[in-house]
Amino acid sequence: IWKAIVMAIVLFDNRERAGLYPLTTNKAVADLRIGILRIKEWWLRKTNLRPYVATTPALQILYSPIPEGEHIWIDASIVPDDALVQRILKLQSGHCLVDAFGLVAGKTAQRNWDYASNDIGNFPNQQKVDTVKRLQYPWEIFQWNDKAIREDFQLLTHRRKSQPLSDTNRIQQYSAIFVEEGARVEYAMLNATQGPIYIGKNAVIQEGAMIFGPVAIGTHAMVKMGATVYGATTIGPWCVAGGEIKNVVMMGYSNKGHHGYLGDSVVGEWCNFGAGTSNSNVKNTAETVTLWHEATQSWKPVGQKCGLIMGDYSRTAINSSINTGSVIGISSNLFGAGLLPRVIPDFTWGDGQERYRLDKAIEAIGNWKKMKGQSISPAEIAVLQHIFEQQA
């Protein structure tokens with residue numbers, strides 16, 4: 001039993017969480033992955049305190065109730081350095097850290113307060129800090145992934161010994177490669193001269209795969225024969241990776257198992273790319289790529305390279321062509337000739353002209369989960385039903 005007197009941390013969603021659409025449509029910010037770890041996993045590793053999640057009322061059913069007692073509340077979107085983490089852990093009761101945006105972290109016994117609006121009325125003692133780095137836009141996940149992989153690699157491997165790699169592999173910079181227990185790697189090419197390579201528990205790197213760091217391969221993930229994966233890429237837990245993948249974060253449980261290119265992109269959980277699906281990540285004119293920002297209903301400049309941001313549970317048919325700077329919402333089943341539209345709403349069927357039936361969408365999600373030994377929970381179904389009805 002988790003006693004009330006044991007302090008925990010609570011990772012809360014701030015008022016700008018919608019800016020991370022479609023990645024946060026059906027989950028809290030703390031569940032996003034950047035580098036090797038989810039945000040909530042990173043905080044657990046850094047603090048040894050159990051992380052709870054505070055998000056919107058519609059999504060709160062996905063998370064454990066926050067227990068009674070005094071806890072440290074932390075904006076889940078912040079990307080802190082070690083010095084800021086230490087300042088947060090040393091907060092006294094009723095004290096908080098505030099920057100130009102609002103609340104960074106505070107220590108309180110209150111559970112029902114307006115954390116989303118950065119309400120600092122709970123905290124009689126406020127300390128100013130310099131403006132803190134926050135995850136505000138979904139494309140920042142792949143743009144910041146290089147640094148995040150390197151930092152997570154140090155966090156996870158400090159004072160630990162890697163499992164050995166067999167001599168069937170071709171290896172460069174062995175010292176920057178870490179292999180967890182149960183992973184199988186044979187006849188692969190691993191080059192860590194430009195960044196570390198992390199291979200998670202029970203992951204499989206098949207023959208002929210070529211991996212150029214920084215790259216993270218999650219627990220039970222598979223990199224298929226002849227795949228080309230190069231930095232800065234995260235293949236999350238239980239993902240399947242094939243073809244050519246570059247500077248991509250696949251959150252978990254998603255499949256890109258066949259030939260085709262995926263670059264400068266973020267892919268949610270339980271997604272699937274049909275054979276031959278490719279995305280463009282650079283405009284033919286080499287101009288700045290813009291991406292649709294749902295929260296502000298505007299196009300935002302991203303940089304010279306951006307492929308797609310794809311929400312959970314979405315799938316493409318074989319030989320789908322994804323345009324530069326595309327946003328694909330959650331639970332969409334996509335097919336059609338030519339380039340897919342650059343903005344595809346949640347629950348889309350086909351090329352954007354029809355809406356996916358909710359019962360069919362949930363049935364398909366359940367089928368995909370069964371393939372990896374899981375099932376869709378009543379809470380997940382309730383969340384999807386709420387989103388579907390709100391958008392009707």
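What this report covers is the structure whose coordinates are included nearby. (Residues numbered from 1 in each chain as written. Predicted model: local features only at pLDDT ≥ 70, side-chain atom pairs only at ≥ 80, totals over all residues. Heavy atoms only, no water.)

1. Focus on the pairing of strand β21 (residues 244-252)
Let me state the cut-off plainly: Buried, partly exposed and exposed residues are distinguished by accessible area as a fraction of the type maximum, computed with a 1.4 Å probe on protein chains only: under 20%, between the cut-offs, and over 50%, respectively. Note on conventions: DSSP H or I runs of at least 4 residues are helices, E runs of at least 2 residues are strands, and numbering of each starts at the N terminus. By the convention used here, strands pair only if DSSP detects at least 2 bridges between them.
Judged by how many residues are buried, β21 sits mostly within the fold: eight of nine residues are covered. Of the strand pairs in this sheet, strand β18 (residues 228-230) and β21 are connected by three bridges, and their pairing is parallel. What sits directly across from Thr228, in β21, is Glu244. For strand β19 (residues 233-235) and β21, the ladder comprises two bridges, and the chain directions are parallel.

2. A few points about the packing of helix α1 (residues 39-47) against helix α2 (residues 82-89)
As a reminder of what qualifies: Lines fitted to the C-alpha atoms define the axes, with helices restricted to the stretch that makes contact. Angles between their N-to-C directions range from 0 to 180 degrees. Our angle categories are set so that under 35 degrees counts as roughly parallel, over 145 as roughly antiparallel, 65 to 115 as roughly perpendicular, and the remainder as oblique. Whether two residues are in contact is decided by their heavy atoms: any pair within 4.5 Å suffices. Under the convention adopted here, Pro, Cys and the residues Ala, Val, Leu, Ile, Met, Phe, Trp and Tyr are nonpolar, Asp, Glu, Lys and Arg are charged, and Gly plus all remaining residues are polar.
Interaxial distance between α1 and α2 falls to 11 Å at its minimum, and their mutual angle equals 75 degrees. Relative to α2, α1 is oriented roughly perpendicular. For the pair formed by α1 and α2, the contact residues are Trp42, Trp43, Lys46 and Thr47 on the first element and Asp82, Val85, Ile88 and Leu89 on the second. Among the residues making up the contact of α1 with α2, the classes are represented as five nonpolar, one polar and two charged.

3. A closer look at the packing of aromatic side chains
The description of an aromatic ring pair rests on the distance of the ring centres and on the angle between the ring planes. Threshold: Working definition: a ring pair exists when centres of Phe, Tyr or Trp rings (six-membered ring for Trp) sit within 6.5 Å. Plane angles under 30 degrees give stacked, over 60 give edge-to-face, the rest tilted. Charge over a ring is defined by NZ of Lys or CZ of Arg lying within 6 Å of the ring centre and within 35 degrees of the ring normal.
Summed over all chains, the structure comprises 14 aromatic pairs. With a centroid separation of 5.5 Å and an interplanar angle of 65 degrees, the aromatic rings of Trp292 and Trp299 are classed as edge-to-face. Classification of Trp292 as buried rests on a relative accessible area of 17%. Relative accessible area serves as the criterion here: at 40%, Trp299 is assigned to the partly exposed category. Site record: aromatic cluster; members linked through ring pairs are Phe12, Trp73, Trp113, Tyr115 and Phe123. Its guanidinium or amino end placed over the ring of Phe101, Arg15 lies 4.2 Å from that ring's centre, counting from NZ or CZ.

4. Re helix α4 (residues 145-157)
The condition that has to hold: One less than the number of residues in a helix, times 1.5 Å, gives the span that helix is expected to have. The reported arc concerns the directions from the helix axis to the C-beta atoms and nothing else.
End to end, α4 covers 18 Å across 13 residues, agreeing with the expected 18 Å (1.5 Å per residue, within 8%). If you check which residues of α4 are buried, you get Asn145, Ala148, Ile149, Asp152, Phe153, Leu156 and Thr157. End-on, the buried residues of α4 take up no more than an arc of 135 degrees, which puts them together on one face. Facing away from the buried side of α4 by more than 90 degrees, the exposed set consists of Lys147 and Gln154. One or two steps after α4, the chain reaches Arg159, where phi turns positive at roughly 60 degrees.

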